[in-house]
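Topology and contacts: notes
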Amino acid sequence: MSSKDSHLSNKDFLLVTTALEESWMFNSRTIFLGEWCLRKINENKWSKIDYLISEPYGLDSLQKEKDLNEVNNIYDKLLVDMVVSLNKYHKTNYSKRYWEIIIGYWLKRYIKVVINRYKTIFQALSKYNIKSTVCLNTDEFSLITHDYYNFSWSLEDDMWNHAVYCDILKNIESSDINFINRPNTIIKKNVRPKPTNLNYSGACKKVITGVFKFLQKFSRANDAFILNSYLPTIKELELQLLLGQVPQIWRGFEYKTKENNDVSRDFNFIDFTSYAGVEREVRRMLIKIMPTSYLEEYKSVNNYVSELPWPSNPKFIFTSNDFMANEVFKFWCASKTEQGCKYFIGQHGNNYGTLDETKGIPEYSTSDCFLSWGWKDKEINAVPLFNFKIAGKKKKTLNNKGGLLIVNRGPGKRDGPQDRFYENKKYQQSVSNFYLSLDKNIRKKTIVRMHQISQNTNSDDRIHWESSCKGVKIDNGLRPINKLIDDCKIVVFTYDSTGVLESLALNRPTICYWPSGIDHLLPEAIPYYKKLISVGIINNNPSELISNVWNDVDSWWYSNELQDAVNEFCNQYSRTVDKPIYTLKDKLVSIL
């Protein structure tokens, strides 16, 4: 039965929390906790169950704002307690900044996840008459991962989520659910292979690696340390030359961990008994989920870091990418900032300075200076520069013979606080409806670019497109997107992405169709986006505009009014300059 069968709502239910069929009971009235339980590939099975789908959590804009404030409030308090506990556990005396560089990004994401899992469960218990649930035995299963990277992938793992939900259900006060215990044969593999930083293979990779190692001989103790700056590689090397040092590419250093399913933590780490509700759950579950890099393997990671050939007393540290998931870099960087080294973080794509969720992020609080793509904020010491990704690139001329490119968002990870899985399902439906509304002749010249992450998750995105849009041309996200954009006449971005900033800065004919509108923006950013709305770039009915301008894109795109709007927007959020690397070098030196 479908989720619309409201006659079930007053009956007793079995709660199912994931897509693991081992936790289903096919003869019971069932509440599926969310859309993620119902994979298209298994429709022949779940369609036979008498079921409802629980209402998605946290989609209302006011609830999103409330949850975001709660995340930040819990984070601020918990981080202080974590500093004390980590220093006590490791017998150290490091600063709050040191520990925030290492654990900050993981901690904030962890808080969002627990808030989502807890409030989703709590909402379901409040709305439906849930009497039982199946819990698979988790004695041999660990929620603990090695690091941030593997933690983020665990959020897509059905068994990991099942174990989290069961743990929460068993600790919710006044819950009288009957737990049906079943054996479990799934043992979590906590270590996921990471993508290589070197996109070469065979002999070529050996040569490149050999060159890197040779250049390391000329590295000096006080050289500036630049890692994954988001600049084109040639521009990153140019920056190092301007700084008077032999260029280095510091990549490929990774601490090798061991499998950790047997980690046992039977000690008190953070107080949770003095708290209630979701904050209690965040604190209670922390020791059950916290990566080993921050506890058991902390000393080993530090030992590995101490042997790195990186500068011992760098002039400054600059990255735009590695502050989040590169544990080796974070450990090394934290130790250097304790010694007084300046730490600069560059803007990593869009949303910075515009998205409400970026308030209070660790990039701002841990860096000495945040290098933006155009906007400034004295409160967080954000310095306006330029779009690093397109530094030195020339603006493009219109390809009148090209087709239409629709750039699709990936499913994202279930990192809350809202139900992102449900959001993605509704989003895919909206974008595919837009595709179907296009003029038939334009549709024949249209390519839908899927996000690469859609290939690596439990996403049904491609299945949805192929079943609802017969004959659609799909790019699987593996080809260079810049080549696809160069080959098209107009590119449509269906979400607020980094690609929008790049495309507008390079003056490519661009349309933004965002099903969720601009509710995600900070108040100070809205006037700039409204400029784009006024000239049709951000558009709620893009198929009509595309049909109207298709045979004469030049007249529309190069009109004075539109170009003025693009220039004003880019000057604020995606600036270009004539000599980008000289500009960056001078700014870095002046800050020192």
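Because the structure is predicted, anything quoted here is derived from the model rather than measured.

1. Things to note about the overall build of the protein
A count of helices and strands for the protein gives 21 helices and 15 strands. Compactness check: the protein gives a C-alpha radius of gyration of 25 Å against a globular reference of 25 Å for 592 residues, within 12% of the reference. Taking the contacts inside the protein whose residues are at least 6 apart along the sequence as the reference set, 75% of them involve residues at least 24 apart. Both charge centroids of the protein, one from 79 positive and one from 68 negative side chains, sit 5 Å from each other.

2. A look at unusual backbone geometry
Residue P417 is reached from G416 by a cis peptide bond, and omega for that bond is 5°. Considering the arrangement of structural elements, one finds P417 in the loop between β11 (403–407) and α12 (420–437). You will see that K91, though not glycine, has its phi angle at about 55°, which is positive. Its place among the elements puts K91 in the loop between α2 (61–90) and α3 (96–127). Here K91 falls in the exposed class, since its relative accessible area comes to 77%.

3. Thoughts on the state of the cysteines
What the rule picks out here adds up to 0 disulfides. No disulfide involves C512; its sulfur sits 11 Å from the nearest other cysteine sulfur, which is in C570.

4. Some points on the side chain of E502
Along the chain, E502 turns up in helix α16 (residues 498–505). Since its relative accessible area comes to 9%, E502 is described here as buried. Look past the residues within four positions of E502 in its chain and what remains in contact with it is N387, K389, I390, N482 and S574.

5. Regarding the sheet that holds strand β5 (residues 178–182)
Strand order in the open sheet formed by 5 strands is β3-β2-β1-β4-β5, and the pairing between neighbours is parallel. The open sheet has two edge strands, β3 (51–53) and β5, and neither has a second partner. Going across the sheet, the axis of each strand differs from the next one's by a mean of 30°, ignoring polarity. When strand β4 (residues 130–136) meets β5, the two strands line up parallel, connected through 5 bridges. Residue pairing across strands places C135 opposite N181, the latter belonging to β5.

6. Quick notes on the nonpolar core
Residues M82, W106, L107, Y110, I111 and L371 are the most contacted members of the largest nonpolar core, which totals 172 residues. No other element matches α3, which puts 16 residues into this core. The contacts of M82, once residues within four sequence positions are left out, are I103, L107, F269, I270, L286 and M290.

7. Side note on the pairing of strand β9 (residues 369–372)
Residues C369 and L371 of β9 are buried on one face, and the alternating residues F370 and S372, pointing to the opposite face, are buried as well. Inspection of the sheet shows strand β8 (residues 342–346) paired to β9 by 3 bridges, in the parallel sense. From the neighbouring strand, G346 faces β9, where its bridge partner is L371.

8. Quick notes on the sheet that holds strand β13 (residues 473–475)
Across the sheet, 5 strands lie side by side as β13-β12-β11-β14-β15; this open sheet has parallel pairing. Pairing within the sheet leaves two strands with one partner each, and these edge strands are β13 and β15 (510–512). Strand-to-strand twist of the sheet, defined as the mean angle between neighbouring strand axes without regard to direction, takes the value 25°. Where β11 lies against strand β12 (residues 446–449), 4 bridges are found, and the strand directions are parallel. Within β12, the residue paired with L405 across the bridge is I447. Here α12 sits on the sheet in contact with β11, β12 and β14 (488–493), set at roughly 170° to β11. Docked against the sheet, α16 engages β14 and β15, running at close to 145° with respect to β14.

9. A look at the pattern of salt bridges
Using the criterion set out here, one finds 32 salt bridges in the structure. The shortest N-O distance in the salt bridge between K127 and E55 comes to 3.4 Å. Taken together, the residues span a long stretch of sequence, with K127 in helix α3 and E55 in the loop between β3 and α2 at a distance of 72 residues. Note on K127: relative accessible area 44%, which makes it partly exposed. We classify E55 as partly exposed; its relative accessible area is 36%. Close ionic contact of D167 with K288 constitutes a salt bridge, the shortest N to O distance being 2.7 Å. Separated by 121 residues along the polypeptide, D167 in helix α5 (residues 158–171) and K288 in helix α8 (residues 277–289) bring together distant segments of the chain. In this structure D167 comes out as buried when scored by relative accessible area, which is 15%.

10. Some details on the confidence of the model for the protein
Taken residue by residue, the protein gives an average pLDDT of 91. The fraction at 70 or more is 94%. This stretch, residues 1–8, has a pLDDT under 50; its non-local contacts, to residues over four places away or in other chains, come to 15 contacts.

11. Topic: the packing of helix α7 (residues 233–242) against helix α21 (residues 580–591)
Where α7 meets α21, the closest approach of the two axes is 10 Å, and the angle between their N-to-C directions is 50°. Here α7 lies oblique to α21, going by the angle between them. Remark: the crossing between α7 and α21 carries right-handed chirality. On the side of α7, the interface is formed by K235, E238, L239 and L242, while α21 contributes I581, Y582, L584, K585 and L588. For the contact of α7 with α21, the class distribution of residues is 6 nonpolar, no polar and 3 charged.

How each quantity is defined
- Residues numbered from 1 in each chain as written.
- Predicted model: local features only at pLDDT ≥ 70, side-chain atom pairs only at ≥ 80, totals over all residues.
- Heavy atoms only, no water.
- Helix = DSSP H or I, 4+ residues; strand = E, 2+ residues; numbered from the N terminus.
- Rg over C-alpha atoms; globule rule 2.2 N^0.38 Å.
- Contact = heavy atoms within 4.5 Å.
- Lys, Arg positive; Asp, Glu negative; His and termini not counted.
- Charge placed at Lys NZ, Arg CZ, Asp CG, Glu CD.
- Buried < 20%, exposed > 50% of the residue type's maximum accessible area, 1.4 Å probe, protein only.
- Disulfide = S-S within 2.5 Å.
- Pairing = 2+ DSSP bridges.
- Axes fitted to C-alpha atoms, helices over the stretch in contact; angles between N-to-C directions.
- Core = buried A, V, L, I, M, F, W, Y, C linked by side-chain atoms within 4.5 Å.
- Salt bridge = Lys/Arg side-chain N within 4 Å of Asp/Glu carboxyl O.
- pLDDT = per-residue confidence, 0-100.
- Parallel < 35°, antiparallel > 145°, perpendicular 65-115°, else oblique.
- Left-handed = near helix turned anticlockwise from the far one by under 90°.
- Nonpolar A, V, L, I, M, F, W, Y, C, P; charged D, E, K, R; others polar.

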